[in-house]
Structures are given as structure tokens and as C-alpha cells.
Amino acid sequence: MPNKLKLVLAGLAVALVAILPAAASAQTVDEIIARGKLIVAVDTTTPPYGFLDADLKPTGFDIEVATKMGEALGVPVEFVTVTSPGRIPSLLTKQVDVVISIFSITPARAIQIDYSIPYAGQSAVVIAPKSTAISSHADLVGKKVGLTRGTGEDGLLTAAAEANPGIEILRFDDYSSLLQAMVSGQIDAMGGGDYGEIYLKKAQNGDDFEQKYTLKTFYFGIGVAKGNDNLRQWINTWLFTQKTDGVLEALSMKYRNQPLPALPVF
């Protein structure tokens, strides 16, 4: 290869590296402490776990968990906002240290990332107007069913639609858009968390909504990069103390107005 071409290619390679985003994630607890901050991916469109307060600051169950983790490490927390589909990519591209965002533990996701032990959980349910008779997947045939893309409900209701032809699935990128679609009548039913009807009731005409049936109970873990055992083990130890000291239960009552489900371990 001519020397001139080699120099051009080398220059292009340097330029490409220069424009790539710098990797933010740390591999160890010591690296996080040395850097002086914990970088956490959160979703601020999923109340009561993550939402914006009156001052447009992140708050909620997951936000407080992240803040308390930072306090335990002795560093402030930097929040990176993601949607449900963006949680795994934020770890794969090393832009965050952890994901704390109602991140349901599933075998499919665990192929790409690692999880902590569960710190919270909830049931995925079907929600619809009280006037609509729905008690099973079969009752969704002929109806438009909304869900948030990339969630546990997405997988469950997609499978239901495949087994029950006639269910029309509409996917939304965030939970607030899904709720708006439900209230506005764009969809007939929705898949969401067992807290969802609380926020529908706050909207105009929202008092007519209720939970119809349960899809599955999911348990939330804190996501870390694949193979990052140092950080994952520290998180597991820290979560154990938060659970046994009653901190997680208090957060559940504060934001969910109900106790935590029994949390399994692995």
C-alpha cells in the first residue's frame, strides 16, 4: 500500500476515534469512587418509579434508590435519561455504570447484561375502562391494545396476539404517551404496571379505568455491564442491607402506597 494512502487511512482512523463518545462506565467500585460520580440510566416517564417533579428534577422510587446508592459510595449521582428500549444500549455502549429503571429480570436480557438481585417488583396487568368486559386474552380480540415498547408487557401481549389473532398491538416509546393514548381513546386497553390506573385516575375522565387481569409478576434488578462482577457483587451486598434495614419497604410505601412483594434471590 502506498505510504500516502497509509497516512490517509491512519488519519481517518484517528478522526473516527475522536468523534466516538467517550466510555463513561466504570468496571469497579474503586473506579467509581476515584472518578467522583455514579452514572445511572433512568426513565423519567414511568411514575411512581421515575418522573419529573415540579422543578423538572428526576424523582421517584428508582431515583431515590440511585441517590441512596451514590450516598453509600460517597459520590453524587449523574442521571442519564433513557426510554425502555434504551436501557440495554446504554450499558452496551458503556455510557452508564448501572441501569435503575424498573428493569425486569428476564433470561433474554441476561444474555446481554447482568442483573443484581431484585430490589422491587410489580405485576404487569391489563387496564381498560370499567365499562369494557375484559377478563382474559380472548376478550382482547378485535381491540387495540397499547403497551410500552421493550417492556415485559410487550413480550407477554405480543405472544397473546400471536395466539389470539385479531388483537391489534400499538407500541409507544414511553409510559406517558401510553397513558395519554388510553385516556384519549386511541386504544381500548393497555398493558402496564399494577399502579397504572392511579395515574389514569388523575387524568380527565380517568375514574372509569380499572385493572382487568394480571399478566405476570416481574421483579426489578439493577443492570450492570456483562461480566462486571465487582460492581454487581457490591450492589447485591448493598441491596441486602437496604432490604433488611427496611429502606426498600419504606420507599415502596412512599411511592407505591403498598408494601413490596416478597423478593426472591438468586
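Note that the structure is a prediction, hence the values are computed from the model and not measured.

**Examining the sheet that holds strand 11 (residues 209–220)**
- Taken in spatial order, the 5 strands line up as 9-8-10-7-11 in an open sheet, and their pairing is mixed. Unpaired on one side and paired on the other, strand 9 (168–172) and strand 11 mark the two borders of the sheet. Strand-to-strand twist across the sheet, computed as the mean angle between neighbouring axes with direction ignored, equals 25°.
- Both strand 8 (residues 144–148) and strand 10 (residues 189–193) contribute to a ladder of 2 bridges, which runs parallel. From the neighbouring strand, glycine 146 faces strand 10, where its bridge partner is methionine 190.
- Each of strand 7 (120–129), strand 8, strand 9, strand 10 and strand 11 touches helix 6 (residues 152–163); the most contacted strand, strand 11, lies at about 115° to it.

**Here's the deal with the environment of threonine 83**
- Position of threonine 83 among the secondary structure elements: in the loop between strand 4 (77–81) and helix 4 (87–92).
- For threonine 83, a relative accessible area of 33% corresponds to the partly exposed category.
- Expressed as a C-alpha distance, the spacing of threonine 83 and threonine 148, which sit 65 residues apart in the sequence, is 9.4 Å.

**Overview of helix 7 (residues 175–184)**
- Looking only at helix 7, the buried set comprises Tyr175, Leu178, Leu179, Ala181 and Met182. The buried side chains of helix 7 occupy one side of the element, clustering within an arc of 160° when seen end-on.
- Residue glycine 185 follows helix 7 closely and has a positive phi angle near 85°.

**With respect to the confidence of the model for the chain**
- Residues of the chain with pLDDT of at least 70 account for 91%, and the chain-wide mean is 88.
- Contacts from residues 1–22, a stretch scored under 50 in pLDDT, to residues over four places away or in other chains number 4 contacts.

**Here we look at empty space enclosed by the protein**
- If you walk through the whole model with that rule in mind, you get 1 cavity of 30 Å³ or more.
- In terms of lining, the largest cavity is formed by 20 residues, of which the most central are Ile102, Gln122, Thr151, Glu153 and Tyr195.
- For the lining of the largest cavity, the elements supplying multiple residues, two or more each, are strand 7, helix 6, strand 10 and strand 11.
- The residue inventory of the lining of the largest cavity, partitioned by class, reads 6 nonpolar, 10 polar and 4 charged.

**Notes on the pattern of salt bridges**
- Going through the model one piece at a time under the given rule, you end up with 8 salt bridges.
- Here aspartate 173 ties to arginine 149 by a salt bridge, and the two come within 2.9 Å at their closest N and O atoms. Of this pair, aspartate 173 sits in the loop between strand 9 and helix 7 while arginine 149 is found in the loop between strand 8 and helix 6, placing the two residues 24 residues apart along the sequence.
- The exposure class assigned to aspartate 173 is partly exposed, which follows from its relative accessible area of 41%.
- The class for arginine 149 is partly exposed, based on a relative accessible area of 34%.
- Residues lysine 212 and glutamate 210 are paired through a salt bridge, measuring 2.8 Å at the closest nitrogen-oxygen approach.
- Taking relative accessible area as the criterion, lysine 212 reaches 15% and is therefore assigned buried.

**Topic: the sheet that holds strand 12 (residues 223–225)**
- With respect to topology, 5 strands assemble into an open sheet ordered 4-1-5-12-6, the strand pairing being mixed. The open sheet is flanked by strand 4 and strand 6 (113–115), the only strands paired with a single partner.
- With 2 bridges joining them, strand 1 (residues 38–42) and strand 5 (residues 98–99) adopt parallel strand pairing. Residue alanine 41 lies in a different strand from strand 5, and its bridge partner there is valine 99.

**Quick notes on helix 3 (residues 61–73)**
- A rise of 1.5 Å per residue sets the reference length of helix 3, with its 13 residues, at 18 Å; its end C-alpha atoms lie 19 Å apart and thus fit the reference within 8%.
- Inspection of helix 3 places Phe61, Asp62, Ile63, Glu64, Val65, Ala66, Met69, Gly70 and Leu73 among the buried residues, and these make up the whole buried set.
- Just downstream of helix 3, glycine 74 is the residue with a positive phi angle, here 80°.

Reading the values: rules and limits
Residues numbered from 1 in each chain as written. Predicted model: local features only at pLDDT ≥ 70, side-chain atom pairs only at ≥ 80, totals over all residues. Heavy atoms only, no water. Pairing = 2+ DSSP bridges. Helix = DSSP H or I, 4+ residues; strand = E, 2+ residues; numbered from the N terminus. Axes fitted to C-alpha atoms, helices over the stretch in contact; angles between N-to-C directions. Contact = heavy atoms within 4.5 Å. Buried < 20%, exposed > 50% of the residue type's maximum accessible area, 1.4 Å probe, protein only. Arc of directions from axis to C-beta. pLDDT = per-residue confidence, 0-100. 1 Å grid on protein atoms, 1.4 Å probe; cavity = no way out; pocket = protein on both sides within 12 Å on 5 of 7 lines; lining within 4 Å. Points joined across faces, edges and corners; volume = space filled by probe spheres on them. Nonpolar A, V, L, I, M, F, W, Y, C, P; charged D, E, K, R; others polar. Salt bridge = Lys/Arg side-chain N within 4 Å of Asp/Glu carboxyl O. Expected span 1.5 Å × (residues − 1).

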